[in-house]
Protein chains: 2
Amino acid sequence: MNAEWWLSPAAVPSATRMQAARLRQGQLTKPPGSLGELETIAICLSGMQNSDRPGIDHVQISVFAADHGIAAERVSAFPQSVTVEMVRNFARGGAAINVLAQMLEATLEVINVGTAVDPGPLPGVIDCRIAPGTANFRRSPAMTPTELERALQCGVEVVERASQNDVDLFIGGEMGIANTTSASAIACALLGLSASTMAGPGTGLDNAGVQHKVVVINETLARHRLAPDDVPCVLRHVGGFEIAALVGAYLRCAQLGVPVLVDGYISAVAALCAQRMNAGASAWFFYGHHSAEPGHRFVMEALGARPLLHLGMRLGEGSGASAAVPLLRMACLLHNQMATFDEAGVSGAL
Amino acid sequence: MNAEWWLSPAAVPSATRMQAARLRQGQLTKPPGSLGELETIAICLSGMQNSDRPGIDHVQISVFAADHGIAAERVSAFPQSVTVEMVRNFARGGAAINVLAQMLEATLEVINVGTAVDPGPLPGVIDCRIAPGTANFRRSPAMTPTELERALQCGVEVVERASQNDVDLFIGGEMGIANTTSASAIACALLGLSASTMAGPGTGLDNAGVQHKVVVINETLARHRLAPDDVPCVLRHVGGFEIAALVGAYLRCAQLGVPVLVDGYISAVAALCAQRMNAGASAWFFYGHHSAEPGHRFVMEALGARPLLHLGMRLGEGSGASAAVPLLRMACLLHNQMATFDEAGVSGAL
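Keep in mind that what you see is a predicted model, and the values were worked out from it rather than measured.

Chemist: What should I look at first to understand the interface of chain B and chain A in this one?
Modeler: By a widely used convention, the size of an interface equals the accessible area lost when the partners come together. The interface of chain B with chain A comprises 56 residues on the first partner and 55 residues on the second. Of the roughly 4600 Å² buried between chain B and chain A on both sides combined, carbon and sulfur atoms contribute 70%. If you look at where chain B meets chain A, you find 0 salt bridges. Counting every contact that joins chain B to chain A gives 20 residue pairs in polar contact (both at pLDDT 80 or more). Of all the secondary-structure elements, those providing two or more residues to the side of chain B that touches chain A are α2 (37–49), α3 (81–92), α4 (96–104), α13 (319–337) and α14 (341–344) of chain B. When residues of the side of chain B that touches chain A are assigned to their parent elements, the largest contribution, 9 residues, is made by α13 of chain B. The class makeup of the residues in the side of chain B that touches chain A is 33 nonpolar, 17 polar and 6 charged.

This is the structure:
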C-alpha cells in the first residue's frame, strides 16, 4: 500500500436507507422512540449495510496481542509473562473472549503482533510478531517507522480477509501487559490532558501504583514532546503493536464499509487515533461499553461516542464489545420482524 | 390461599454458594473484578439456584394486559382500544416482545387480566379477565377487594405453573393504556412524592399532557388519602389489574425461589409493592434496564436497585428485561467455562 493509505476516503453509510429505516421505526407497533438506542442502532446499520433489513449474522473477533517495553517500569499489576500465557489460554479456549465468541457463534482469531516470548505455533493464533515487544518508551521511541507501518498493515490485512468473508461486524480486541499505560500516553498526547486525568488502575494497580504510572507517562510526554495532530508519530513514540494494529484495522473497516463495535479503553484510544487520521472513519463505529478505566470517558467525549453498556467491565480482549453484540442483533430483528400499525390493525397516537 | 399469603417467608439465596462463586471469580483468568456486573450476576445466580454452575436456559416471559378506567381522563397519547389491539398483535407475533422472546428461545404467554373489550379466544393468550378494565380512580377506587385478590392470585398462578416447568428466570411484562398513570400514583403514594416528580410522558404525552396527568394524579391522591404502608390498599385504590398481577407474580417467585428480571417503570413499581409487602422478596430481583420514564430512578433508588441496561427504552411488554437476558447468560457461561489461573498456567498479580 502507499505510504499514507489511511487518507483514502472512508465509505459513507447510505443516508437514503437511514431515512427509510427512520420512517419504518415510526410505523412499528410501539410508541415512537420507545426502543431507544435499539432504534438508533437499526437505523445506522441500515445505512452501513445499505439494506432495508440489516443483520448481524457473521461477527468476527480479532484479538491482537503484544508486549510493551514500558512494562519494565512496573506499570502493571501483572508480570509481562502474562501476555504470552494469555495467548496460550486463548489458543486453549479458556479466556473470557473464547466463551463469549462461542456464545455469539462468532469467528475468533488471535494475532500475535509481538509478544516478548515466542510461544511457537498455536491453534487459532496467527504469528505476525514484529519484534519481541516494543522498546521502553520512557527511554526511546516505542517503535521504528517500519515497525509502525508493519503493525498498521497487520490490522489492515486482518480486515481485508474479514471483508472477503462477508463479515457483518468487526470487533477488535487486545491483550498486552502494560497497554493501558501506552493507551493513556497516546490519549494524553492527542487530547492535551495530563496523565493524572487519564491513567487508571488497569489490571489492578493500587493508588501508589497509579501515581507511579502517572509519573512515568508525564516524564515520557515531556521527553518526546509529541505534536497532537501527528497521530502516526504519537503511535510510533508511545504506542504498542496491538494498538497500532487496531488503528489499521479500524481505518480499513471504514474504507471497506465494515461496521465496527469498539471495545473498551484501549480500543477506544485506537478508534480516536483512526478518527484523527481519517475523519470519516468514525461513521462506522459503535461503542460496546463504558470501561471502568477512568480515562475512557474523556476518549468517548472526544469521539462524541455513547457506549451501549455500563457494566463496570475492564478486561479488554474484545469482551465488552462482545457483551453488546446481542443488542445489535435484537435491534435488527426488532426492526425487521415487528408488525407495523397498519399490518397489525393497531391504532396510532391520538 | 389464605388472606395474607404474601407474608409467608421468601426463599433465601444460598450464602455458601455465593461465597464459593465469589472465590471462583477471583481464580478465573482475568484481573479480579474486571468483568464488573457480570461477576455480580453470576455470584447472585449461584446463590439463587444453589448451584456452582448457574444457568439461564429456560426463560419465561408472561405479559399481563388490562385496561384502566383512568384512561377516560385523557392521560395517554394512545386510545384505550390499543390495549386489546396489542393483545391481538401479541397473539399474531407482531409485537416487540414476540421478536425478543423468539430470539431468546423464551416461553412467551399473554394473560388478559381485564381488557375493556373481550377479544375472544386468541392463540397464546390466557383469558383471566377480572372486569372490563378498572374503575376510574379519579372518582372511586380502581378495584373492589375481591378484584384485587383475583389480580394478585392471577400472578401467583402464572408463577406456580412456571415453577413446575423448571423456569430459570421469570420476566413479567405489562400492556395497558394509561398504566404509567396508575404506576405513578402507586409510587407517589408509597414514596410520599408529588406527581410532578413522578409522572412522565408514558407512550408520548407532550408537556401539556404531562401537566394534566400530574393534576389527575395529585387530585386522586388528595381524594383517597392512602397510607403508604398499606400496599394492598394503595393497589386497590389506584392500581391496575396487570400491575397487581405482577406484584402477585413477583411475590410468589420470591417464595418459590425463582429469579426475576424486572422490566421498566411499571414493573419496577410492582417490584416496589412486592418488596414493601414482603421485605425478603427483592433478594430475587434483577433489574433489566433503566427506563426513559423520569419516575423510574426514584423507584430504583427506593429499591436500592442498579438496572443493567441504560438504552432509553420505554416500551414495556417485558422488552427491556428481555434485552438484558443475554447478559445474564453470558455471566453464567463466563463463570462456568473460563479457565482458572491454575488450569491455564497463567501467572497471578505481582
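Chemist: Explanation requested: the nonpolar core in the structure shown.
Modeler: Soluble globular proteins: nonpolar side chains tend toward being buried together. Among the nonpolar cores identified, the biggest contains 271 residues, and F64, Y250 and F285 of chain A together with F64, Y250 and F285 of chain B are the most heavily contacted of them. For F285 of chain B, the residues in contact, after removing those within four places along its chain, are M48, Y250, V260, V262, A271 and A274 of chain B.

Chemist: In this structure, what is going on with helix α6 (residues 179–191) of chain B? I would like to understand it.
Modeler: Because each turn of an α-helix spans 3.6 residues, side chains separated by three or four positions end up pointing in the same direction. Residues and elements named next belong to chain B. Counted at 1.5 Å a residue, the expected span for α6 with its 13 residues is 18 Å, and the 18 Å between its end C-alpha atoms agrees. Among the 13 residues of α6, 12 are classified as buried, and the element is accordingly described as predominantly covered. All of the buried residues along α6 are N179, T180, T181, S182, A183, S184, A185, I186, A187, C188, A189 and L190. Downstream of α6 by a residue or two, G192 has a phi angle that is positive, lying close to 65°.

Chemist: How do you make sense of the pairing of strand β2 (residues 107–114) of chain B when you look at a structure like this?
Modeler: A regular strand places its side chains on the two faces of the sheet in alternate fashion. Residue and element names in this part refer to chain B. A large share of β2 lies buried, amounting to 6 of its 8 residues. One ladder, built from 7 bridges, connects strand β1 (residues 59–66) with β2; its direction is parallel. If you follow I61 over to β2, its bridge partner there is L108. The pairing of β2 with strand β3 (residues 125–127) spans 3 bridges and is parallel. Bridge pairing links N112 to D127 in β3.

Rules used in this analysis
Residues numbered from 1 in each chain as written. Chains lettered and ligands numbered in written order. Predicted model: local features only at pLDDT ≥ 70, side-chain atom pairs only at ≥ 80, totals over all residues. Heavy atoms only, no water. Contact = heavy atoms within 4.5 Å. Buried area = accessible area lost by both parts, 1.4 Å probe. Salt bridge = Lys/Arg side-chain N within 4 Å of Asp/Glu carboxyl O. Polar contact = N/O pair within 3.5 Å; in protein donor to acceptor, adjacent residues only side chain to side chain. Helix = DSSP H or I, 4+ residues; strand = E, 2+ residues; numbered from the N terminus. Nonpolar A, V, L, I, M, F, W, Y, C, P; charged D, E, K, R; others polar. Core = buried A, V, L, I, M, F, W, Y, C linked by side-chain atoms within 4.5 Å. Buried < 20%, exposed > 50% of the residue type's maximum accessible area, 1.4 Å probe, protein only. Expected span 1.5 Å × (residues − 1). Pairing = 2+ DSSP bridges.

Don't take any of this as a statement about function, it's just geometry.
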